[in-house]
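Here is what each chain is made of, one letter per residue.
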Amino acid sequence: MKQFEFTTLKLFLAVADGGSLTTAADKCNIAIAALSKRISDLEASTGTRFFERRARGMSLTPAGRALLQHAREIIYGVERMQSDLLLYSRGIHGLLRIAATASAVSEFLPQELRSFSDAHPGVAIDLSEGTSQKVMEAIMDGRADLGVFLEPVSGDGLVTFPYRRDELCVVVPRGHPLATQARIRFAQTLVYDHIGTQTESSLSQKLMAEGGANYRVRIRVGSVDAACRMVHAGLGICIAPRLIVENYQDCFSIALIELDEPWAVRQMLVGARSKQGLSGAARAFLRRCIDAGEAEPQRHLPGPTGSTPAEEVSRTAKDLSHEAKHASLPPSYDPVFPNEEPETTHE
């Protein structure tokens, strides 16, 4: 088998992402014939077909999907190396890449990022925002060192730890018929038009699953900020994280109502592909997030009105809490890196 060429892997990735030779050729500024030969030579050198050729484009074979994962890791790894070296040339001693959901970015991460930056002023931070699924994909692809996302976890191979919890609430215009209620069930909101966010977000998926055909979305917007503006304008009501919406109470004519559902409190997780390969900066920030999660006051989930509060949100099988699994271990034991001394980042 011939040695893989980095340029060929980049071209393969472009075809896989674009779904056709034409799209990939335009993106990479290469002739279609030359690109086609590169892909054919790659397949011939391995004795494996990576693409199914169809009239309307190209799709990956199982072997192609396997190569895609490796190609992304290699390409992003080289790009990270180049980026890190550029930072060092500018006097910056490391780069921490974090992907997180919008709720994590708005509600909690600024606190951890501020304390981390104060302790490690020489480390640059690249923070990207996306849905939980996109965050997990960024971790698996190597585009992010760490990610903060919501349960449940659908990404195999991720090492996860409990981070913080957020609480959903119902946002209505002031003067709305529901505004006088202290707490309401989700079913009570379904007689009104809703303002929704991205359909692929964890929240939208949950609301659609719970409401079914009765969940009517009048307008979809891209952020909680925009949703609150729509509610302020009287275009509907919405379900949103309380800590984010509270920032808009003084700006908009809106009222917040407790959502009386067992799924209204959501567990956030911080995750990585594995402890191996994490930089000192990433390890230090992961430790900081785990500590923040452990220090957060334990809250009970809201249950149906008149009932006993439901049990706390179940943590994942990878929850390495000190109390549950390490009660007999010495105080210096680190559940993130159990066989190593806790590590600090040296500038």
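See the structure shown above.
K.L.:
Can you help me understand the overall build of the protein in this one?
P.N.:
A count of helices and strands for the protein gives 13 helices and 12 strands. Counting across all 347 residues of the protein, residues that qualify as buried make up 45%. Contacts in the protein between residues far apart in sequence, at least 24 positions, make up 71% of those at least 6 positions apart. Total accessible area on the protein is roughly 17600 Å²; 52% of this is exposed by carbon and sulfur atoms.

K.L.:
What should I look at first to understand the pattern of salt bridges in this one?
P.N.:
Side-chain pairs of opposite charge can arise where the charged atoms are in close proximity. With the rule as written, the count across this model stands at 19 salt bridges. In this structure, Glu43 engages Arg53 in a salt bridge whose closest nitrogen and oxygen atoms are separated by 2.9 Å. Pair noted here: Glu43 is in helix H3 (residues 32-46) and Arg53 is in strand S1 (residues 51-54), with a separation of 10 residues, a long-range link. Classification of Glu43 by relative accessible area gives buried; the value is 9%. When its relative accessible area of 43% is taken as the criterion, Arg53 is described as partly exposed. It is possible to trace a salt-bridge network through shared partners that takes in Asp17, Arg72, Asp141 and Arg143.

K.L.:
Would you explain the packing of helix H1 (residues 6-18) against helix H2 (residues 21-28) in this entry?
P.N.:
Two quantities define a packed helix pair, namely the angle between the helix axes and the distance between the axes. Orientation of H1 relative to H2, taken along the N-to-C sense of each, is 130°, at an axis distance of 8 Å. As judged from the angle between their axes, H1 and H2 are oblique. The interaxial crossing formed by H1 with H2 has right-handed handedness. Each of Leu11, Ala14, Val15 and Gly18 in H1 lies in contact with H2, whose residues at this interface are Leu21, Thr23, Ala24 and Cys28. Tallied by class, the residues present in the contact of H1 with H2 amount to 6 nonpolar, 2 polar and no charged.

K.L.:
Looking at this structure, how should I read the state of the cysteines?
P.N.:
Each disulfide consists of one covalent bond between the sulfur atoms belonging to two cysteines. In this structure the tally under the stated criterion is 0 disulfides. Free cysteine Cys169: the closest other cysteine sulfur is in Cys238, separated by 7.4 Å. Left unpaired, Cys251 is separated from the closest cysteine sulfur, that of Cys228, by 9.7 Å. Residue class for Cys251 comes out exposed when judged on its relative accessible area of 54%.

K.L.:
I'm lost on the side chain of Thr197 in this one. Help?
P.N.:
Residue position: Thr197 is located in the loop between strand S8 (194-196) and helix H9 (202-211). Residue class for Thr197 comes out buried when judged on its relative accessible area of 18%.

K.L.:
Please clarify how the side chain of Glu43 should be interpreted in this entry.
P.N.:
Side chain to side chain, Glu43 and Arg53 meet in a polar contact 2.9 Å long. Excluding residues that lie within four positions of it along the chain, Glu43 makes contacts with Thr48, Arg49, Phe50, Phe51 and Arg53.

K.L.:
Can you help me understand the environment of Ala31 in this one?
P.N.:
Mapped onto the secondary structure, Ala31 falls in the loop between H2 and H3. You can call Ala31 partly exposed: its relative accessible area is 49%. For Ala31 and Leu21, which are 10 residues apart along the polypeptide, the C-alpha to C-alpha distance reads 9.4 Å.

K.L.:
Would you mind showing me how to read the environment of Arg53 here?
P.N.:
C-alpha of Arg53 to C-alpha of Ser20: the two residues are 33 residues apart in sequence and 9.0 Å apart in space. Aside from chain neighbours lying at most four places away, what touches Arg53 is Ile39, Ser40, Glu43 and Met58. A distance of 3.3 Å separates a polar atom in the side chain of Arg53 from the backbone oxygen of Phe51.

K.L.:
Where do I start with the packing of helix H6 (residues 109-119) against helix H12 (residues 280-295) in this structure?
P.N.:
Where H6 contacts H12, the axes come no closer than 10 Å and their chain directions differ by 135°. Between H6 and H12, the interaxial angle falls into the category oblique. The crossing of H6 and H12 is right-handed. Across the interface between the two elements, Leu109, Glu112, Leu113, Ser115, Phe116 and Ala119 of H6 pack against Ala281, Ala284, Phe285, Arg288, Cys289 and Ala292 of H12. Of the residues belonging to the contact of H6 with H12, the class tally is 9 nonpolar, 1 polar and 2 charged.

K.L.:
Even after reading the chapter, I still don't get unusual backbone geometry, so can you show me in this structure?
P.N.:
Comment: phi is negative for the bulk of residues other than glycine, and the bulk of peptide bonds are trans. Residue Asn29 is not a glycine yet carries a positive backbone phi of 55°. For Asn29, the location among the structural elements is in the loop between H2 and H3. With a relative accessible area of 73%, Asn29 lands in the exposed category.

K.L.:
Can you walk me through H6 in this structure?
P.N.:
One turn of the α-helix equals 3.6 residues, which is why residues spaced by three or four share an orientation. Residues Leu109, Glu112, Leu113 and Phe116 constitute the buried set of H6. Angularly, the buried residues of H6 cover 95° about the axis, an arc narrow enough to put them on a single face. Facing away from the buried side of H6 by over 90 degrees, the exposed positions are Arg114 and Asp118. Elements in contact with the buried residues of H6: strand S3 (95-100), helix H5 (102-107), strand S4 (124-129), strand S5 (146-150), strand S6 (159-173) and H12.

K.L.:
Looking at this structure, how should I read the nonpolar core?
P.N.:
As a rule of thumb, nonpolar side chains are buried together in soluble globular proteins. Counting 27 residues, the largest nonpolar core has Leu96, Leu109, Leu146, Val148, Tyr163, Val270 and Phe285 as the members making the most contacts within it. Among the elements that take part in this core, H12 stands out by supplying 8 residues, more than any other. Setting aside anything within four residues of it in sequence, one finds Tyr163 in contact with Phe108, Leu109, Glu112, Val148, Gln267, Met268, Leu269, Val270, Cys289, Ala292, Gly293 and Glu296. Within the second largest apolar cluster, 21 residues are counted, among which are Leu11, Ala14, Leu21 and Ile39.

Cut-offs used in this document
- Residues numbered from 1 in each chain as written.
- Predicted model: local features only at pLDDT ≥ 70, side-chain atom pairs only at ≥ 80, totals over all residues.
- Heavy atoms only, no water.
- Helix = DSSP H or I, 4+ residues; strand = E, 2+ residues; numbered from the N terminus.
- Buried < 20%, exposed > 50% of the residue type's maximum accessible area, 1.4 Å probe, protein only.
- Contact = heavy atoms within 4.5 Å.
- Areas by Shrake-Rupley, 256 points an atom, 1.4 Å probe, with all protein chains shown as cover.
- Salt bridge = Lys/Arg side-chain N within 4 Å of Asp/Glu carboxyl O.
- Axes fitted to C-alpha atoms, helices over the stretch in contact; angles between N-to-C directions.
- Parallel < 35°, antiparallel > 145°, perpendicular 65-115°, else oblique.
- Left-handed = near helix turned anticlockwise from the far one by under 90°.
- Nonpolar A, V, L, I, M, F, W, Y, C, P; charged D, E, K, R; others polar.
- Disulfide = S-S within 2.5 Å.
- Polar contact = N/O pair within 3.5 Å; in protein donor to acceptor, adjacent residues only side chain to side chain.
- Arc of directions from axis to C-beta.
- Core = buried A, V, L, I, M, F, W, Y, C linked by side-chain atoms within 4.5 Å.

None of the figures reported here should be taken as evidence of function without further support.
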